[in-house]
Amino acid sequence: MSAAGGYRSSRSRREARAGLAFITPALALIAVFFVVPVVVGFLLAATDFDIYAVGDLATARFVGLGNFAALFHDPVFWKALGNTFYFVLVGGPLSVAVSLAAALLVNARLVRFKGLFRTVYFAPVVTTMVAVAVVWRYLYHPRFGLLNQLLALGGLGPVNWLGDPRWAMPAVILMAVWKNFGYNMIIFVAGLQSVPATIYEAARVDGAGPWRQFRHLTLPALRPMLVFVGVITMVGYFQLFTEPYVMTNGGGPLNATLSIVMYMYKQGFRWWNIGFGAAVALVLFLIILAGTLVQLRLQKGRE
Amino acid sequence: MRRWPALIGVHLALGIVAVATLLPFLWMLSASLMPAGEASQWPPSFLPSRPTLSNYRALFHRLDLGRCFLNSAFVAVVSTALALLIVSLAGYAFAKLHFPGRSRIYRALLTAMVIPAQVAMLPLFLLLREVGLVNTYWGVIIPALAPVFGIFMVRQYALSLPDELLDAARVDGAGEFTIYRKLVFPLLRPILVTFGVFSFIGAWNDFMWPLIVLTDDRKYTLPVALANLIGEHAQDIELMMAGSVLTVLPVLVLFLALQRTYVEGLTMGGVKE
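Residues numbered from 1 in each chain as written. Chains lettered and ligands numbered in written order. Predicted model: local features only at pLDDT ≥ 70, side-chain atom pairs only at ≥ 80, totals over all residues. Heavy atoms only, no water.

Re the overall build of chain A
Here is step 1: A tally of helices and strands in chain A yields 13 helices and zero strands.
Here is step 2: Starting at the N terminus, the α and β elements of chain A follow one another as α-α-α-α-α-α-α-α-α-α-α-α-α.
Here is step 3: A compact globule built from 303 residues should have a C-alpha radius of gyration of about 19 Å, whereas chain A, at 25 Å, is more than 25% larger.
Here is step 4: Classification of the 303 residues of chain A by burial places 53% in the buried group.
Here is step 5: Partitioning the intrachain contacts of chain A with sequence separation of at least 6 by distance along the chain shows that 68% fall at a separation of at least 24.
Here is step 6: Accessible surface, chain A as shown: approximately 14100 Å² in total, 68% of it carbon and sulfur. (Helix = DSSP H or I, 4+ residues; strand = E, 2+ residues; numbered from the N terminus. Rg over C-alpha atoms; globule rule 2.2 N^0.38 Å. Buried < 20%, exposed > 50% of the residue type's maximum accessible area, 1.4 Å probe, protein only. Contact = heavy atoms within 4.5 Å. Areas by Shrake-Rupley, 256 points an atom, 1.4 Å probe, with all protein chains shown as cover.)

Focus on the side chain of Asn-180 of chain A
Here is step 1: Here Asn-180 of chain A lies in helix α8 (residues 165-193).
Here is step 2: Those residues in contact with Asn-180 of chain A that lie beyond four places of it in its chain are Ser-95, Val-125, Thr-233 and Tyr-237 of chain A.

Thoughts on the nonpolar core
General note: in soluble globular proteins, nonpolar side chains tend to be found buried as a group.
Here is step 1: Counting residues in hydrophobic clusters, the biggest one holds 194 residues, and the most contacted among them are Tyr-121 of chain A together with Met-241 of chain B.
Here is step 2: Among residues more than four places away in sequence, those in contact with Met-241 of chain B are Val-134, Val-135 and Tyr-138 of chain A together with Trp-27, Met-28, Ala-31 and Ser-32 of chain B. (Core = buried A, V, L, I, M, F, W, Y, C linked by side-chain atoms within 4.5 Å.)

Here's the deal with the interface of chain B and chain A
Here is step 1: Counting residues at the interface gives 99 residues for chain B and 84 residues for chain A.
Here is step 2: Our enumeration of links across chain B and chain A arrives at zero salt bridges.
Here is step 3: Looking at which element gives the most residues to the side of chain B that touches chain A, the answer is helix α1 (residues 3-32) of chain B, with 18 residues.
Here is step 4: A per-class count over the side of chain B that touches chain A returns 77 nonpolar, 15 polar and seven charged. (Salt bridge = Lys/Arg side-chain N within 4 Å of Asp/Glu carboxyl O. Nonpolar A, V, L, I, M, F, W, Y, C, P; charged D, E, K, R; others polar.)

Details of the packing of aromatic side chains
Here is step 1: One pass over the full model with this rule turns up 40 aromatic pairs over all chains.
Here is step 2: Judged by centre distance (5.3 Å) and plane angle (35 degrees), the ring pair of Phe-122 of chain A and Phe-255 of chain B falls under tilted. Of this pair, Phe-122 of chain A sits in helix α5 (residues 114-126) while Phe-255 of chain B sits in helix α13 (residues 237-257), which puts the two residues in different chains.
Here is step 3: You can call Phe-122 of chain A buried: its relative accessible area is 1%.
Here is step 4: Taking the relative accessible area as the measure of exposure, Phe-255 of chain B reaches 0% and is therefore buried.
Here is step 5: Seen in terms of ring centroids, Phe-94 of chain B and Phe-99 of chain B are 6.1 Å apart; in terms of plane orientation they differ by 50 degrees. Their pairing is tilted.
Here is step 6: We classify Phe-99 of chain B as buried; its relative accessible area is 7%. (Phe/Tyr/Trp six-rings, centres within 6.5 Å; stacked < 30°, edge-to-face > 60°.)

A word on the pattern of salt bridges
Here is step 1: In the structure shown here, the tally under the stated rule is five salt bridges over all chains.
Here is step 2: Where Asp-164 of chain A meets Arg-166 of chain A, a salt bridge forms, and the shortest distance between an N and an O atom there is 3.0 Å.
Here is step 3: Taking relative accessible area as the criterion, Arg-166 of chain A reaches 65% and is therefore assigned exposed.
Here is step 4: One salt-bridge network, held together by shared partners, links Asp-167, Arg-170 and Glu-176 of chain B.

Notes on the environment of Val-177 of chain A
All names here are of chain A.
Here is step 1: Summarising the element assignment, Val-177 is placed in helix α8.
Here is step 2: By relative accessible area, which is 7% here, Val-177 ends up buried.
Here is step 3: On a C-alpha basis, the gap between Val-177 and Asn-67 in space is 34 Å, while along the polypeptide they are 110 residues apart.
Here is step 4: With residues up to four places along the chain from it excluded, the contact list for Val-177 reads Gly-91, Leu-94, Ser-95, Val-98 and Tyr-237.

Quick look at α5 of chain A
Residue and element names in this part refer to chain A.
Here is step 1: For α5, with 13 residues, the first-to-last C-alpha span of 19 Å sits near the 18 Å given by 1.5 Å per residue.
Here is step 2: Residue Val-120 marks the point of greatest curvature in α5, where the axis turns by about 25 degrees; the proline Pro-124 follows within four residues.
Here is step 3: Of all the positions in α5, only Phe-117, Thr-119, Val-120, Tyr-121, Phe-122, Ala-123, Pro-124, Val-125 and Val-126 are classed as buried. (Expected span 1.5 Å × (residues − 1). Bend = angle between axes of the 7 residues up to and from the residue.)

Some points on the domain arrangement of chain A
Here is step 1: You can read the domains of chain A as domain 1 (3-44) and domain 2 (66-302).
Here is step 2: Using C-alpha coordinates to define each centre, domain 1 of chain A is positioned 37 Å away from domain 2 of chain A. (Domains from an automatic or database assignment.)

Description of unusual backbone geometry
Residues and elements named next belong to chain A.
Here is step 1: The omega torsion of the bond from Gly-252 to Pro-253 falls at -15 degrees, within 30 degrees of zero and hence cis.
Here is step 2: You can see Pro-253 is positioned in the loop between α11 (242-247) and α12 (260-270).
Here is step 3: Even without glycine at this site, Phe-113 takes up a positive phi of about 55 degrees.
Here is step 4: In this fold, Phe-113 is placed in the loop between α4 (75-107) and α5.
Here is step 5: Using a relative accessible area of 62% as the deciding quantity, one classes Phe-113 as exposed.

Structure, rendered in structure tokens:
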């Protein structure tokens, strides 16, 4: 073996050792604080682990799929599941549509102060959810709230936004869309800017109107971003928690804004039905996984 | 000339959306400066009749929210500093150092991102309880120190570092950690600033996990304290608005100061794949 070869192999061994050493802190943290808890969560979901088991592990018993059977017989669980799907299926597409419209507006050729508008629209994204939920709780106040005052100008209302079970979820959706449309907008704008302007000029010369340009040039160019934004938004919306915690005292009125995560939080951390709560978390995971796979499959099918 | 209607229409639409976006913030600021009770008077007014800082004084003197502000600052600064170190080491290694199993481990990490954090929360709480980290700042900080999206961000950026530079340093006899510390870390600066802003804002705004871990109200972070406050002070609109201003101000200022880096980092995930 040549000296150079020996040198190279000892160097690559050193490099491999360094590489493994460099990823060790991250891997160790992820293993201890994520992988192990997730695995334990799967196991817990098959037990009746509760407040007594927190004190004495021996009192926890294996119940197999018992938690899931109990879950599927609990009308509150179905209510929470229905609410969460309402929030995801109405709020998600609404958020993506508003983001796309805002991106097209901000990115229009004639627009002045693009940067300023982008910054303004993005501001709600970075602000603390708890704080803006507190603000919106008062904006929705049936008597003094700004929203009802504005509606009154148009001769509408007053709407008891957070007190009426029919209006509470729409109110939460409106606030959530306000909070997060700027995030998706930024991603769409980046996508729009990657389309060369010359293509649009060519389309105009060929007599394509704005709608046909949007339909046949813009949308196909945005396809990868639509997948990304669709998945990210869906996953985020499935985790609804802070808004009902702050705005509707944990899911009211009459459980109209009770979400899956809120249900898990109450079962697990308020009533210490830990095994049961772990089963709820598992259901959430399976739904998110299925939703992600469906979106990816749909996009692949269309290509 | 026929461009004028379109020009006005587009700007009008943009303006309306901008007002709708800003109005909640403006009302929050305005109501926080109102004397107690004015925000719930009829007819309601948008601006304070006599602007006052009394709500802010009450927050700091009576409710000790200054302490919670420092709690939040501690948690956000410490977790960001440690995460920067951990994420930059791992991201660089996944991009540039060859070791067995590299691509398999990296793909496993990305795949794990589909699992929502809530699945780990109950067992994690029991684990922290065993090791005595419940109701401590470290219980809030440690579980979030190795975010996979951060490793992803750094790796994407580190891929563009020139191999010749690293090899030259090796030929000169520099050890791998020295190369990371003296050469790679400075070169990664732009992406680390972006990740740092992400991490700080995320830690500052985080609610569910601190709510679960912290049980003593002297240890509450600002979001937890604010959510707790609305239980007792729901009628004190002006006070709650002052608390909201205090909570959002640091992240809003940070965002405005570093918005370019922040927004550029945001688009990496969506576009580069």
